[in-house]
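Coordinate inspection notes
So you can see what is in the structure, the chains are spelled out below.
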Amino acid sequence: MPDSTTDFDAGLFRDHWHLACHRNELPTPGDYLRMRTPLGDLVVFNDSGELVAFDNLCPHRGARMFDGEAGNGPATCRYHGWSYQKGRVIVPLVEDFAGCDTSSARLNTYRLDWCGDFLFVGLAPRQGLYQQLGEAAALLENIGFNIAGRIDLNAGSFHCYWPVAVENALEPYHIAMVHPDTLGTLALQAGANHYLGSNSVWYAPLGNERVNKQLHGLRRHFAIDYGYDGYMSIYLFPFTMISSTFGYSYSLQHFFPAAGGAEETHFSSRLLGAHLANERSAQLLAPLFASTAGINRKVFEEDHEVCRRVPKSSWSPAPLAYPAASEAKIAHFRQSCRGWLES
Ligand code: FES
Ligand SMILES: [Fe+2]
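Since the structure is predicted, the reported quantities are computational estimates derived from the model, not experimental observations.

Let's shift gears to the overall build of the protein chain. A count of helical and extended segments in the protein chain gives eight helices and 17 strands. Against the compact-globule benchmark of 20 Å for 343 residues, the protein chain has a radius of gyration of 21 Å, which places it among compact chains. Projected onto its principal axes, the C-alpha coordinates of the protein chain cover approximately 70 × 55 × 35 Å. Counting the 343 residues in the protein chain, one finds 51% classified as buried. Across the protein chain, the fraction of contacts at a sequence separation of at least 24, relative to all contacts at a separation of at least 6, is 62%. Surface summary for the protein chain: the accessible area is close to 15,600 Å², and the carbon and sulfur share equals 51%. A gap of 3 Å separates the mean positions of the 27 positive and 35 negative side-chain charges of the protein chain.

Quick look at the structure:
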């Protein structure tokens, strides 16, 4: 391990691209989305049609600009009214700043790049985005083109160290025990893991034939050209997961470390809906999306309940002593962690 887990968490954040949002989550000028990272806030903001990502700090004296998790509003600081518009910082009473050059004031921005309609942000990524994503890029492009927008946003804290939460999301072994009435009802089969560099995908057919049939029957309500007929869970090293049943909606999850190596994970999950066939389909499927959002929230509460039982000291990047076949993606994740630590 490096000197401290703080270096490990912050280093992974600094060295990688992170999936920030889908283009259709911030369609209107003023739309914003806030994430908490080990290095502080990260805000994506629609600045008159251009997306910009910055650290949420005002260039004047560093007050936080946005408070909510997501919403719409001007990028105006509530302290002294500095604002950001069309790529420029606007300073009230600018004549009062005769002794300095306020025209050089800038937001602390992140680097941006697109994979299809998914926006990625990076502080100092070691690789180009497509190099980091490898074969996962084509999959993300296909998914991205089929997403219409955000249906739900659920953000909070998991009281555990972030790799504990990530590893929980990487193995289906716990489903029967922890999610008997939610995810467990799909009766997911063993399926297959695909490893794409440090990223991975699990494709699992549904064992529940009744649900399988029902979901097949809904296909005609969607205007999509991609979707796996079953359950799919994508892991993007280090902090992001995307899961979906039949490609009708996608749950985009982040497990960002808290600052300072704390035993806390900044968790968020967003439900992104796929394009619907028509207005009638939208009306018919509204209850399905609402129930999916509710079930997802329940699933993450159940996950939190078990993750908080695992102290930070129980985790290390060493191989598992007793790995089940269904825990193979944990071995892959720990290998990627060791790879970063040795580099
Ligand atoms: S700190 Fe933002 S305007 Fe002063
Ligand atoms: Fe789970």
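Attention now goes to the sheet that holds strand β5 (residues 70–72). Here we have four strands laid out as an open sheet, ordered β4-β3-β2-β5, and antiparallel in their pairing. The strands lining the two open edges of the sheet, one partner per strand, are β4 (50–54) and β5. Neighbour-to-neighbour, the strand axes of this sheet turn through a mean angle of 20°, independent of strand direction. Pairing of strand β2 (residues 31–37) with strand β3 (residues 40–47) involves six bridges; the strand directions are antiparallel.

If you trace the backbone, Gly247 turns up in the loop between β15 (240–245) and β16 (249–257). Measuring from C-alpha to C-alpha, the distance between Gly247 and Asp67 comes to 32 Å, with 180 residues separating the pair along the chain. Filtering out sequence-adjacent residues up to four positions away, Gly247 remains in contact with Ile224, Gly227, Tyr228 and Ala274.

Below, the discussion takes up the coordination of the iron ion (ligand 2). Only His174 (NE2), His179 (NE2), Asp303 (OD) and Asp303 (OD) from the protein coordinate the iron ion (ligand 2), and they sit 2.0 to 2.8 Å from it. If you look at the iron ion (ligand 2), its four donor atoms make angles of 51 to 147° with each other, and the shape they trace is irregular. In primary sequence terms, the donor set of the iron ion (ligand 2) follows H-x4-H-x123-D. Of the two residues, His174 sits in the loop between α4 (162–170) and α5 (175–178) while Asp303 sits in helix α7 (residues 279–307), which places them 129 residues apart along the sequence. In terms of burial, His174 and Asp303 fall into one category: buried.

Once that is clear, we can look at the packing of helix α1 (residues 5–15) against helix α8 (residues 328–342). In the contact formed by α1 and α8, the axes pass within 11 Å of each other and the chain directions differ by 90°. Judged by the angle between their axes, α1 and α8 are roughly perpendicular. Along its contact with α1, which presents Asp7, Phe8, Gly11, Leu12, Arg14 and Asp15, the element α8 presents Cys337, Trp340 and Leu341. Split by residue class, the contact of α1 with α8 holds five nonpolar, one polar and three charged.

On to the UniProt feature "domain: Rieske" (unreviewed entry) in the protein chain, then. What UniProt calls "domain: Rieske" (unreviewed entry) maps, in this numbering, to residues 17–121. End C-alpha atoms of residues 17–121 are separated by 5 Å, and the span's content is 0% helix alongside 44% strand.

Let us now look at the environment of Asn168. The residue Asn168 is located in helix α4 in this model. With relative accessibility at 9%, the residue Asn168 sits in the buried group. Put simply, Asn168 and Thr109 are 59 residues apart on the chain and 32 Å apart in space, counted from C-alpha to C-alpha. Excluding anything up to four places from it in sequence, Asn168 contacts His174, Asp303, Val306 and Cys307.

Phe8, Val44, Trp162 and Phe333 are the most contacted members of the largest nonpolar core, which totals 37 residues. Examining the composition of this core, we find that five residues originate from one element, α4, more than from any other. A domain split of this core shows at least three residues from each of domain 1 (1–133) and domain 2 (149–343). Counting residues in each nonpolar core, the second largest holds 24 residues, with Leu19, Leu196, Tyr250 and Leu252 among its members.

What counts and how
Residues numbered from 1 in each chain as written. Chains lettered and ligands numbered in written order. Predicted model: local features only at pLDDT ≥ 70, side-chain atom pairs only at ≥ 80, totals over all residues. Heavy atoms only, no water. Helix = DSSP H or I, 4+ residues; strand = E, 2+ residues; numbered from the N terminus. Rg over C-alpha atoms; globule rule 2.2 N^0.38 Å. Buried < 20%, exposed > 50% of the residue type's maximum accessible area, 1.4 Å probe, protein only. Contact = heavy atoms within 4.5 Å. Areas by Shrake-Rupley, 256 points an atom, 1.4 Å probe, with all protein chains shown as cover. Lys, Arg positive; Asp, Glu negative; His and termini not counted. Charge placed at Lys NZ, Arg CZ, Asp CG, Glu CD. Pairing = 2+ DSSP bridges. Axes fitted to C-alpha atoms, helices over the stretch in contact; angles between N-to-C directions. Donors = N, O, S within 2.8 Å, 3.2 Å for Na, K, Ca; no water. Tetrahedral: all angles 85-135°; square planar, octahedral: opposite > 155°, others 65-115°. Parallel < 35°, antiparallel > 145°, perpendicular 65-115°, else oblique. Nonpolar A, V, L, I, M, F, W, Y, C, P; charged D, E, K, R; others polar. UniProt positions renumbered as here; feature names shortened; annotations may be inferred. Core = buried A, V, L, I, M, F, W, Y, C linked by side-chain atoms within 4.5 Å. Domains from an automatic or database assignment.

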